[in-house]
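Here are the chains, one letter per residue:
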Amino acid sequence: MPLHALARAGLAVTLLFGLLGTAHALTLKSDAFESHRRPAVPFDHDAHNERAKIEDCLICHHGGENGVIDPEVGSEGTPCSECHEVKASGRTPLMRAYHKQCIECHRDLNKGPTTCGG
Ligand code: HEC
Ligand code: HEC
Ligand code: HEC
C-alpha cells in the first residue's frame with residue numbers, strides 16, 4: 001500500500017475511534033438515583049471488554065422503545081437511564097437493568113463478579 005493510503009487508513013481508524021468514543025474507566029453512578037445504597041461500581045469499560053473478548057457493542061448497548069428491545073439497533077454512548085427509569089412498573093427498572101446485564105453474563109460464563117461485594 002502506498003504511504004499516503006496507509007496514512008489515510010490510519011486517520012480513518014483514529015477518526016472512527018474518536019467518533020464512537022472509547023469509553024475508559026467509568027463509574028456506574030447514575031444521577032438518576034437519588035441515593036445509592038452501595039458504593040458505585042468501577043467499570044473499566046475498554047479493558048473489561050477486551051479481557052472478556054466482547055466485540056459486539058450491542059450485547060450491552062441495545063436499542064428499543066415502547067417496551068420492546070431492539071437487538072438490531074445500537075445505543076452506544078446513551079446512558080441506560082435514558083430508557084430505563086428508576087421506577088418502572090412492567091419494564092426493567094434502572095437498577096435491575098444494570099444488575100441483570102452484568103450479573104447474568106457473569107453467571108452464564110462463570111467469570112466475573114456476581115455479588116454486591118464482588
Ligand atoms: C459489557 C457491556 C458493555 C459493552 C460490551 C460495551 N459497553 Fe459501552 N458502556 C457500558 C456501560 C454499562 C456504560 C455506562 C452506561 C451508563 O452510564 O448508564 C457504557 C458507556 C459507554 C459510553 C459512554 C462513556 C462515557 O464516558 O459516558 C460509550 C461512548 C460507549 N459505552 C461505547 C461503547 C462501544 C463503542 C462499545 C463497543 C466497542 C461498547 N460501548 C461496548 C457497557 C458496555
Ligand atoms: C434506547 C433505549 C435503551 C437503552 C439506551 C438501554 N435499554 Fe435496556 N431495554 C430497552 C427496552 C425497550 C427494553 C425492553 C423493555 C424492558 O424490559 O424495560 C430493555 C430491556 C433491558 C433488559 C431486560 C431484558 C434483558 O435483556 O434481560 C436489561 C437487563 C437491560 N435492558 C439493560 C440495559 C443496560 C444495562 C443498558 C445500558 C448499558 C440499557 N439497557 C440501555 C431499551 C434500552
Ligand atoms: C457478555 C458478557 C459480560 C457482560 C454483559 C459483562 N461482563 Fe463483566 N466480565 C465478563 C467476563 C468474561 C469476565 C472475565 C474476564 C477475564 O477473563 O478476566 C468479566 C469480568 C468482570 C470483572 C472483573 C475484572 C475485569 O475487568 O476483568 C468486573 C469488575 C466486571 N466484569 C464488571 C462488569 C460490569 C459492571 C458489567 C455490567 C455493566 C459487566 N461486567 C458485564 C463478561 C461480561
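In this text, all values refer to a predicted model and were calculated from it rather than measured experimentally.

Take His48: it is sitting in helix α2 (residues 45–51). On the basis of relative accessibility, which here comes to 25%, the residue His48 falls in the partly exposed class. Each C-alpha atom of the pair His48 and His24 lies 9.6 Å from the other, and the pair is 24 residues apart in sequence. Once residues lying within four places of it in the same chain are set aside, the contact partners of His48 are Phe43, Ile54 and His106.

Close contacts around ligand 1 come from 17 residues, with His45, Cys57, Cys60, His61 and Tyr98 the closest. Within the side chain of His45, a nitrogen or oxygen atom sits 2.8 Å from a nitrogen atom of ligand 1. In the model, an oxygen atom of ligand 1 is placed 3.0 Å from a nitrogen or oxygen of the Cys80 main chain. Elements with a minimum of two residues in the shell around ligand 1: β1 (25–28) and α2. A total of three residues in the shell around ligand 1 trace back to one element, the largest contributor, which is α2.

What counts and how
Residues numbered from 1 in each chain as written. Chains lettered and ligands numbered in written order. Predicted model: local features only at pLDDT ≥ 70, side-chain atom pairs only at ≥ 80, totals over all residues. Heavy atoms only, no water. Helix = DSSP H or I, 4+ residues; strand = E, 2+ residues; numbered from the N terminus. Buried < 20%, exposed > 50% of the residue type's maximum accessible area, 1.4 Å probe, protein only. Contact = heavy atoms within 4.5 Å. Near = heavy atom within 4 Å. Polar contact = N/O pair within 3.5 Å; in protein donor to acceptor, adjacent residues only side chain to side chain.

Such coordinate-based values are descriptive only and should not be taken to indicate function.
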